[in-house]
Amino acid sequence: MNAAPADQIRLLDVQAFDVRLSQLAHRRKSLPEHAELESLNKDLSQLRDLLVAAQTEESDCAREQTKAEQDVDQVRQRSARDQQRLDSGAVTSPKDLENLQKEIASLAKRQGDLEDVVLEVMERRESAQERVAELSGRVSSVQAKADDAAARRDAAYEELDGESASVGKEREVVAGSVPADLMKLYEKLREQQGGVGAARLYQRRCEGCHIELNITELNGVRAAAPDAVVRCENCRRILVRTPESGL
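Right, let's walk through the structure included here. (Residues numbered from 1 in each chain as written. Predicted model: local features only at pLDDT ≥ 70, side-chain atom pairs only at ≥ 80, totals over all residues. Heavy atoms only, no water.)

Take the pattern of salt bridges next. If you walk through the whole model with that rule in mind, you get 27 salt bridges. Taking the shortest distance from any N to any O, the salt bridge between Glu134 and Arg131 comes out at 3.0 Å. Remark: Arg131 and Glu134 occur in helix α3 (residues 94-175); sequence separation between them is three residues, near one turn of the helix. On the basis of relative accessibility, which here comes to 39%, the residue Glu134 falls in the partly exposed class. Classification of Arg131 by relative accessible area gives partly exposed; the value is 32%. The residue Glu244 makes a salt bridge to Arg200 at a minimum N-O spacing of 2.8 Å. (Salt bridge = Lys/Arg side-chain N within 4 Å of Asp/Glu carboxyl O. Helix = DSSP H or I, 4+ residues; strand = E, 2+ residues; numbered from the N terminus. Buried < 20%, exposed > 50% of the residue type's maximum accessible area, 1.4 Å probe, protein only.)

Quick look at the structure:
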């Protein structure tokens, strides 16, 4: 393949743009905010699970408290009715009076026991409410940190994407002035060779594989016509000659 020396030099400019685009893509992928967000989101997930558990416990305690308080009210109402019967004098049989008094005493004990249950449930509910409040605060705090990290990431995205777009436009202009067949070969080699398809020959060394050409290889390059597209014998990249090639 042949291409004017100026076109081959422009190919180095295209390569420089591609290297810059790769660097920008790597920076975008490697932003420190990615790891920060991953860690914060993991913490958030765990805290939210704990919060849901605490809210569920508080809700269960609330239902249990309501049921216990209803039980207390039922016993209290029954006890009040029995006491009213006793006080009214409607029960005259000694045996019935004795049974009524025993029932009132039993209801009083039952009421006391149920009120103890209500207090115990209230304590558990209060503890659950405190846990909910604590976890809600922690979730809000970590969420704020995650929002801040996301904002910083997005700002970095905007800057990097803007630069990438600018470099991409410059590359498009320069690549458009390079012969199509040379660009096709370059793109093929760039895909095969880790993003570098063309390299400068500098001081007898290929800047693609960083290996110095031996005397036989140098003689071959020296003998090549100025418009011949030379390839590195070691890495097979396009080897672009410049006044600093050391030939």
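Along the chain, Leu40 turns up in helix α2 (residues 32-88). In sequence terms Leu40 and Pro94 are 54 residues apart; their C-alpha atoms lie 75 Å from each other. Sequence-distant contacts of Leu40, defined by excluding residues within four places in its chain, comprise Val142, Lys145, Ala146 and Ala149. (Contact = heavy atoms within 4.5 Å.)

So, on to the pairing of strand β1 (residues 198-202). With three bridges joining them, β1 and strand β4 (residues 238-240) adopt parallel strand pairing. Bridging across to β4, Ala198 finds its partner in Ile238. Direction of pairing for β1 relative to strand β2 (residues 205-206): antiparallel, over a ladder of two bridges. Bridging from a neighbouring strand, Tyr202 pairs with Arg205 of β2. Counting the residues that bridge the hairpin from β1 to β2 gives two residues, and of these Gln203 lies at a positive phi of roughly 50°. (Pairing = 2+ DSSP bridges.)

All right, on to the sheet that holds β4 then. With mixed pairing, the four strands of this open sheet are ordered in space as β2-β1-β4-β3. A single partner strand is all that each edge strand has here, and the edge strands are β2 and β3 (230-231). Pairing of β3 with β4, which is carried by two bridges, proceeds in the antiparallel orientation. Following the sheet pairing, Val230 is matched in β4 by Leu239.

Packing of α2 against α3 brings their axes to within 5 Å, and their N-to-C directions diverge by 160°. Judged on the interaxial angle alone, α3 and α2 are roughly antiparallel. Crossing of α2 against α3: the hand is left-handed. A breakdown of the residues in the contact of α2 with α3 according to their chemical character gives 31 nonpolar, 11 polar and 23 charged. (Axes fitted to C-alpha atoms, helices over the stretch in contact; angles between N-to-C directions. Parallel < 35°, antiparallel > 145°, perpendicular 65-115°, else oblique. Left-handed = near helix turned anticlockwise from the far one by under 90°. Nonpolar A, V, L, I, M, F, W, Y, C, P; charged D, E, K, R; others polar.)

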